[in-house]
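# Observations on the model geometry
Read off the chains here:
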Amino acid sequence: MLHTVTEWLWWERLWLPGNVSWADLEDGEGRVYAKASQLYAVLPYALCLLLVRFLFERLVASPLASVWGVKDRIRHTVEQNAILENYFCKQAHVLSPADVRALCKKTSWPERKVQVWFRRRRNQERPGLRKRFSEASWRCVFYFFAFVGGILALYDKPWFYNIKEVWAGFPKQSLLQSQYWYYFLEMGFYLSLLLSLTFDVKRKDFKEQVIHHIATLTLLAFSWISNYIRVGTIVMALHDSADILLEGAKVLNYAKWHQTANAMFVVFTLLFTLTRLVLFPFWVIHCTWVYPLERFAPFFGYYFFNVMLIVLLMLHLYWAILIFKMLYKCIFTKLEGDDRSDEEEDDSDSPKEKSYRRSHLNGAGARGRANGH
């Protein structure tokens, strides 16, 4: 049965055009092709990047935070109360007015004291400003070097200037050393983000981030096996370009360089719109959807690859809404950090518990709001 499943999984018509077989993609005549077995190396790359991140955050980001005066807010400790602690851990982090009244009866505490206790207890669950600064610094540095590496891997290639060239000779396109390193660093990075989601800062789009990382890894792995590597490198470079500015704006905002951060965020919004909402659908997806049909009949891999690109486009549209809301605040009010972040609360919070904590933290639950790209 396992043999049958394996045969079906590697059926050539799932991965390759009708006139191509796996035998055509064996190394020879000076050509080297990407192989599925190489994908096992992604996990060691991810673990190495987690180690590099650990060292970077402690040896670079943390001292930089100290130099720039990035400090965690002083948090009030909560009074020991078994009833409230049990309710907080097992029931809910955010209280409705009815919950407050019920807990007041059980604890004999006034409403104000119960509300303040829950605010302070929620703050204990939130990451400090220095942690957010360190995470944003790491992502900014990685995206910068990944983007530079991507440009170095692409600048002298004909398909970077004429995207139709990504299909020249497809799928019999020899793997370049620069493409190998670019792919595996990117795949290792996104796998490391998946592995670290449980202890990274939680934001409102947590589920979307999980979908994004899985879709990205699936897309990269599939493009590696099917030799869609040329277009894959273009997609990665497009994504990395805007992410540098987003993470850089966060770093500067945490350091209270608000005007510089706001200016960088405006530039990021323009670049995000250009790369994710214009070039990605009308240049890349048009290339993967239209031009292949001039060379071969559509097959499963053709549809699968394009569907995964559409999934990324849908996520781009979702994030565009959040970004434009943040841009509005940046221009007309003041941007106080990532609009997706679960911000700390003051003891003075009310009216009506900030409208029942913004209707349960905008539907995100008490755990908060998740990371971005």
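Residues numbered from 1 in each chain as written. Predicted model: local features only at pLDDT ≥ 70, side-chain atom pairs only at ≥ 80, totals over all residues. Heavy atoms only, no water.

The next thing to look at is the overall build of the protein. A tally of helices and strands in the protein yields 14 helices and two strands. Classification of the 373 residues of the protein by burial places 50% in the buried group. Within the protein, contacts between residues at least 6 apart in sequence are counted, and of these 82% link residues at least 24 apart. Surface exposure of the protein reaches about 18400 Å², of which carbon and sulfur atoms provide 65%. (Helix = DSSP H or I, 4+ residues; strand = E, 2+ residues; numbered from the N terminus. Buried < 20%, exposed > 50% of the residue type's maximum accessible area, 1.4 Å probe, protein only. Contact = heavy atoms within 4.5 Å. Areas by Shrake-Rupley, 256 points an atom, 1.4 Å probe, with all protein chains shown as cover.)

All right, on to the environment of Y183 then. Within the fold, Y183 resides in helix α9 (residues 177–196). At 2.7 Å, the side chain of Y183 and the side chain of S223 are in polar contact. (Polar contact = N/O pair within 3.5 Å; in protein donor to acceptor, adjacent residues only side chain to side chain.)

So, on to the packing of aromatic side chains. Here the structure, examined in full by the defined rule, presents 37 aromatic pairs. Ring geometry for F222 and Y228: centres 6.2 Å apart, planes at 45°, overall tilted. The burial state of F222 is the same as that of Y228; both residues are buried. The rings of W15, W167, F170, F222, Y228, F296, F299, F300, F304 and F305 are connected pair by pair, giving a single aromatic cluster. Sitting over the ring of W109, K113 keeps its end group 4.2 Å from the ring centre. (Phe/Tyr/Trp six-rings, centres within 6.5 Å; stacked < 30°, edge-to-face > 60°. Lys NZ or Arg CZ within 6 Å of the ring centre and 35° of its normal.)

Here we come to the packing of helix α3 (residues 42–67) against α9. Where α3 meets α9, the closest approach of the two axes is 7 Å, and the angle between their N-to-C directions is 70°. Judged by the inter-axis angle, α3 sits roughly perpendicular to α9. Remark: the crossing between α3 and α9 carries right-handed chirality. Contacts between α3 and α9 involve V42, L43, Y45, A46, L47, L49, L50 and R53 from the first element and Y180, W181, F184, L185, M187, G188, F189, L191, S192, L195 and S196 from the second. Class assignment of the residues belonging to the contact of α3 with α9 gives a composition of 15 nonpolar, three polar and one charged. (Axes fitted to C-alpha atoms, helices over the stretch in contact; angles between N-to-C directions. Parallel < 35°, antiparallel > 145°, perpendicular 65-115°, else oblique. Left-handed = near helix turned anticlockwise from the far one by under 90°. Nonpolar A, V, L, I, M, F, W, Y, C, P; charged D, E, K, R; others polar.)

Next up on the list: the side chain of T233. With respect to the element layout, T233 can be found in helix α11 (residues 229–254). The residues contacting T233, other than those within four sequence positions of it, are L154, W159, Q179, Y182 and Y183.

Core analysis: the biggest nonpolar cluster contains 79 residues, and F184, W224, Y228 and F265 have the highest contact counts within it. Of all the secondary-structure elements, those providing two or more residues to this core are α2 (12–15), α3, α7 (129–154), α9, α10 (206–225), α11, α12 (258–290) and α13 (300–332). Top contributing element to this core by residue count: α13, with 14 residues. Here Y228 is in contact with W167, F170, Y183, F222, S223, F299, G301, Y302 and F305, once residues within four sequence places are set aside. (Core = buried A, V, L, I, M, F, W, Y, C linked by side-chain atoms within 4.5 Å.)

Put simply, F170 and P171 share a cis peptide bond, and its omega is 0°. Its identity as a non-glycine residue notwithstanding, N227 has a phi of 65°, on the positive side. Here N227 lies in the loop between α10 and α11. Although it is not a glycine, K256 adopts a positive phi angle of roughly 65°. Inspection of the secondary structure assignment puts K256 in the loop between α11 and α12.

Looking now at the packing of α9 against α10. The interhelical angle for the contact between α9 and α10, taken along N-to-C directions, is 155°, at an axis separation of 10 Å. Taken together, the axes of α9 and α10 lie roughly antiparallel to each other. As for the relative orientation of α9 and α10, their crossing is left-handed in sense. Within the contact between the two elements, α9 uses Q179, Y180, Y183, F184, E186, M187, Y190, L191, L193 and L194 and α10 uses V210, H212, H213, I214, T216, L217, L220, A221, S223 and W224. Here the contact of α9 with α10 is built from residues that sort into 14 nonpolar, five polar and one charged.

Within the structure shown, the criterion is met by 14 salt bridges. Note that R53 and E57 form a salt bridge whose closest N and O atoms lie 2.8 Å from each other. Taken together, the positions of R53 and E57, both in helix α3 and four residues apart, correspond to about one turn of that helix. Neither residue differs from the other here; R53 and E57 are each classed as buried. Of the charged contacts, one joins E135 and R139 as a salt bridge, the two residues approaching to 3.7 Å between their closest N and O atoms. One end of the pair, E135, and the other, R139, are both in helix α7, four residues apart, so they sit about a helical turn from each other. Just as E135 is buried, R139 falls in that class too. Overlapping salt bridges bring together R53, E57, R58, K131, E135, R139, D200, E247 and K250 as one network. (Salt bridge = Lys/Arg side-chain N within 4 Å of Asp/Glu carboxyl O.)

Across its 20 residues, α9 extends 28 Å between first and last C-alpha, which sits within 8% of the 28 Å expected from 1.5 Å per residue. With 14 of 20 residues buried, α9 lies mostly within the body of the structure. (Expected span 1.5 Å × (residues − 1).)

To continue, consider the confidence of the model for the protein. Put simply, the protein has an average pLDDT of 84, and 86% of its residues get 70 or more. Here residues 360–373 scores under 50 on pLDDT; set against residues more than four positions off or in separate chains, the count is 50 contacts. (pLDDT = per-residue confidence, 0-100.)

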